[in-house]
Amino acid sequence: MSKSRIAAIDVGNDSIKALFGKADFEINIPNVIARDTEDRPVIGIEELNDKDPLEGIHIRVHSPALKENNVIYRIGNLAAKSDNATELDPGSSKSEEDQTLVMLFATLALDAVREENKEAFKKTNNVIDANYTLGTGLPLREVKEGKDVGYRSRLLSSVHQVEFLVTPKYQGVKVNIKFDQLKVYPEGFAAYINLVMDNNLNIINRDLVDKRIIIQDIGGLSTDIAVIKNRNVDDDKAQGFNLGVSESLEAIREEIRTKHGVELDSRRDVVEILTKKQDRNHIMVKGSRTSVHDITDRILVELAKKQYRHLRNVWQKNSQTEIAYFVGGGAMVLKDYLTTLNNNLDGYNIGFFEDEKESIWMMANAYYKLIAAFDRKNHKDPEKKAVKN
């Protein structure tokens, strides 16, 4: 039997963030897929195998958990270049979309197929049997609606297969994915864990651990607001909204196309324009550096106002809150606008993470801490260990 490998995966709207093993390997892939055919044009097999697999993910996915089975996809950067690329739509439920599962399986397969894991998983005739102990999450709204139960059972009850087609280095390899253990965490709770605890769930931020905190996690499709009291998420006060940055990013992308004739491949290209260190809010138009500040400011100020309104409403109902943290990829995009609004209006005690990667990877890091702790505890129980072996 293959040894079970730890995986922590945040299927974010913008991208997939994943940590594996002892957190010594990570994957970050844009959350973009495109249906494709079995053969895609490449210039010679030798040139293909010189390329980075993450830049040419071309797979067939088989799983009873999918509504549409045995479909061939381009994934990530390769998909973003396609005319039929799709990203998750605002208003959709992450737990019910095939795209969520396709990205999840692809990410696991990309880990399983690595040369470094040849001792961890059994391989027979180009077929790898990979067992995982997975920690992942869903928006608070979906967990409160009970959608995590069905999501977990669909993943646990089957073997899921990813077949690499015209993918650099991995062409012709199939990966069978099975979950030994699977935990689905609410995203707001995960953010709190990451704030106050290390990888062994030891408290590292004593200043925060007993405070009353609001955590507003702004994602692509949704916003989760967790109210932390007595070291726990207050389930009655926690809220989830179908309001993320995706619609605004799409609006910016469309207006840039209409006004400047510049076609951006995906929302991630818009995020890069908004967050890059130099020439922020500028694009190249026919070789000339051109400001799009007028477009980005107008659209993002409106979104920031809506996010701020949610914060205000939650804070009014939790008047003894001591600090609110904005986290997630959306918080990075809206940081300057939210800060300006807060300075001009209520002046709440709000915080962001200066380290951009820490904010974007917060969920994946939290899932890793939780699933690694669960795995350690599981292996300390002799009865469970005997059953597993």
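Residues numbered from 1 in each chain as written. Predicted model: local features only at pLDDT ≥ 70, side-chain atom pairs only at ≥ 80, totals over all residues. Heavy atoms only, no water.

(A) Fine view of the packing of aromatic side chains. Evaluation of the coordinates by the stated rule reveals eight aromatic pairs. Residues Trp-315 and Tyr-348 carry aromatic rings whose centres are separated by 4.4 Å and whose planes lie at 15° to one another, so their mutual orientation is stacked. Of this pair, Trp-315 sits in helix 10 (residues 293–317) while Tyr-348 sits in the loop between helix 11 (329–344) and strand 18 (350–351), placing them 33 residues apart in sequence. When its relative accessible area of 9% is taken as the criterion, Trp-315 is described as buried. Under the relative-accessibility criterion, Tyr-348 is labelled buried at 16%. Between the aromatic rings of Phe-326 and Phe-352, the centroid separation amounts to 5.3 Å while the plane-to-plane angle is 15°, which identifies the pairing as stacked. Here Phe-326 is found in strand 17 (residues 323–327), whereas its partner Phe-352 is found in the loop between strand 18 and helix 12 (356–360), with 26 residues between them in sequence. (Phe/Tyr/Trp six-rings, centres within 6.5 Å; stacked < 30°, edge-to-face > 60°. Helix = DSSP H or I, 4+ residues; strand = E, 2+ residues; numbered from the N terminus. Buried < 20%, exposed > 50% of the residue type's maximum accessible area, 1.4 Å probe, protein only.)

(B) Region of the structure containing the packing of helix 8 (residues 246–260) against helix 9 (residues 267–275). Packing of helix 8 against helix 9 brings their axes to within 9 Å, and their N-to-C directions diverge by 85°. Looking at the two axes, helix 8 sits roughly perpendicular to helix 9. Between helix 8 and helix 9, the residues in contact are Ser-246, Leu-249, Glu-250, Ile-252 and Arg-253 and Arg-267, Val-270, Val-271 and Leu-274, respectively. Taken together, the residues of the contact of helix 8 with helix 9 sort by class into five nonpolar, one polar and three charged. (Axes fitted to C-alpha atoms, helices over the stretch in contact; angles between N-to-C directions. Parallel < 35°, antiparallel > 145°, perpendicular 65-115°, else oblique. Contact = heavy atoms within 4.5 Å. Nonpolar A, V, L, I, M, F, W, Y, C, P; charged D, E, K, R; others polar.)

(C) The arrangement of the packing of helix 10 against helix 11 in detail. It is the contact of helix 10 with helix 11, at a shortest axis distance of 9 Å, that shows an interaxial angle of 65°. Remark: the crossing between helix 10 and helix 11 carries right-handed chirality. Counting all contacts with helix 10, which are made through Thr-296, Asp-297, Leu-300, Val-301, Leu-303, Ala-304, Lys-305, Gln-307 and Tyr-308, the residues of helix 11 involved are Val-333, Leu-334, Tyr-337, Leu-338, Leu-341 and Asn-342. Grouping the constituent residues of the contact of helix 10 with helix 11 by class yields ten nonpolar, three polar and two charged. (Left-handed = near helix turned anticlockwise from the far one by under 90°.)

(D) How the structure looks around the confidence of the model for the protein chain. Scored by pLDDT, the protein chain comes out at a mean of 88, with 95% of its residues at no less than 70. Of the regions scoring below 50 in pLDDT, residues 381–389 engages in five contacts with residues more than four places distant in sequence or in other chains. (pLDDT = per-residue confidence, 0-100.)

(E) Spatial organisation of the side chain of Asn-131. Mapped onto the secondary structure, Asn-131 falls in strand 8 (residues 127–138). A polar side-chain atom of Asn-131 sits 3.1 Å from a polar atom in the side chain of Asp-180. (Polar contact = N/O pair within 3.5 Å; in protein donor to acceptor, adjacent residues only side chain to side chain.)

(F) Just the nonpolar core, in detail. Of all hydrophobic cores here, the largest spans 45 residues; its most connected members are Tyr-132 and Phe-164. The element contributing the most residues to this core is helix 3 (residues 98–112), with ten residues. Counting 39 residues, the second-largest nonpolar core is a separate cluster that includes Phe-241, Val-245, Tyr-308 and Val-314. (Core = buried A, V, L, I, M, F, W, Y, C linked by side-chain atoms within 4.5 Å.)

(G) Looking closely at empty space enclosed by the protein. Applying the stated criterion to the full structure yields one cavity of 30 Å³ or more. Approximately 50 Å³ is the volume found for the largest cavity. Along the walls of the largest cavity sit Ser-92, Lys-94, Pro-139, Arg-141, Glu-142, Leu-221, Ser-222 and Asn-242, which together make up its complete lining. Looking at side-chain class alone, the lining of the largest cavity contains two nonpolar, three polar and three charged residues. (1 Å grid on protein atoms, 1.4 Å probe; cavity = no way out; pocket = protein on both sides within 12 Å on 5 of 7 lines; lining within 4 Å. Points joined across faces, edges and corners; volume = space filled by probe spheres on them.)

(H) Examining the environment of Gly-287 more closely. In this structure, Gly-287 sits in the loop between strand 15 (282–285) and strand 16 (288–291). Assessed through its relative accessible area of 63%, Gly-287 is described here as exposed. Sequence-wise, Gly-287 and Ser-222 are 65 residues apart; in three dimensions their C-alpha atoms are separated by 36 Å.

(I) Looking closely at the layout of surface pockets. Reported here for the largest pocket is a volume of approximately 620 Å³. Along the walls of the largest pocket sit 38 residues, with Asp-14, Lys-17, Gly-329, Gly-330 and Ile-360 positioned nearest its centre. Ranked by the residues each element gives to the lining of the largest pocket, the list is headed by helix 9, at five residues. By volume, the second largest pocket is sized at about 390 Å³. Along the wall of the second largest pocket there are 14 residues; nearest its centre are Lys-3, Ser-4, Arg-5, Ile-6 and Gly-21. Looking at the lining of the second largest pocket, the elements with two or more residues in it are strand 1 (4–11) and helix 13 (362–380). Broken down by element, the lining of the second largest pocket gets its largest block of residues, five residues, from helix 13. When grouped by side-chain class, the residues that make up the lining of the second largest pocket number four nonpolar, three polar and seven charged.

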